[in-house]
Amino acid sequence: MHKNVVSEAKKQAGEHVELVNWETGEVKTKWRMLKEDVGRSVRETAESTIKSFNECSPESRSG
């Protein structure tokens, strides 16, 4: 039953779904949102850098 309530609440939240901590039901602070955004950006940048580095294998550099 609880899962149905949370699912329905997420549907009703619409564009504001990311502003709620769905485990606690609390509205996220601006600082919390900033922390999550920065963390996501750092993670994506690191993944992209690693992927690019792996694509530049030693075989492709020698000429």
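Below is a summary of the structure that appears in this document.

Calculation criteria
Residues numbered from 1 in each chain as written. Predicted model: local features only at pLDDT ≥ 70, side-chain atom pairs only at ≥ 80, totals over all residues. Heavy atoms only, no water. Helix = DSSP H or I, 4+ residues; strand = E, 2+ residues; numbered from the N terminus. Buried < 20%, exposed > 50% of the residue type's maximum accessible area, 1.4 Å probe, protein only. Contact = heavy atoms within 4.5 Å. Patch = residues over 30% accessible without salt bridge, like charges linked within 9 Å, V, L, I, M, F, W, Y side chains within 5 Å. Areas by Shrake-Rupley, 256 points an atom, 1.4 Å probe, with all protein chains shown as cover. Salt bridge = Lys/Arg side-chain N within 4 Å of Asp/Glu carboxyl O.

Moving on: the side chain of Lys 28. Mapped onto the elements of the fold, Lys 28 is located in the loop between strand E2 (26–27) and helix H2 (30–55). Exposure remark for Lys 28: the relative accessible area of 19% places this residue in the buried category. Sequence-distant contacts of Lys 28, that is, excluding residues within four places in its chain, are made with Glu 18, Leu 19, Val 20, Asn 21, Met 33 and Glu 36.

Glancing now at the environment of Glu 18. Along the polypeptide, Glu 18 turns up in the loop between helix H1 (2–13) and strand E1 (20–21). The spacing of Glu 18 and Lys 28 is 10 residues in sequence and 8.4 Å in space, taken between C-alpha atoms. Glu 18 has contacts with Lys 28 and Met 33, leaving out every residue within four places of it along the chain.

Residues Trp 31, Leu 34, Val 38 and Val 42 make up a contiguous nonpolar surface patch of roughly 460 Å² in combined accessible area. Note on placement: Leu 34 falls in helix H2. Relative accessible area serves as the criterion here: at 43%, Leu 34 is assigned to the partly exposed category.

This next bit is on the pattern of salt bridges. Scanning the model with the defined rule gives 3 salt bridges in all. Two residues, Glu 36 and Lys 28, come together in a salt bridge whose shortest N-O distance is 3.0 Å. Here Asp 37 and Arg 40 are joined by a salt bridge, their closest N and O atoms 2.9 Å apart. Taken together, the positions of Asp 37 and Arg 40, both in helix H2 and 3 residues apart, correspond to about one turn of that helix. Taking the relative accessible area as the measure of exposure, Arg 40 reaches 33% and is therefore partly exposed. A single salt-bridge network, built from bridges that share partners, covers Lys 28, Arg 32 and Glu 36.

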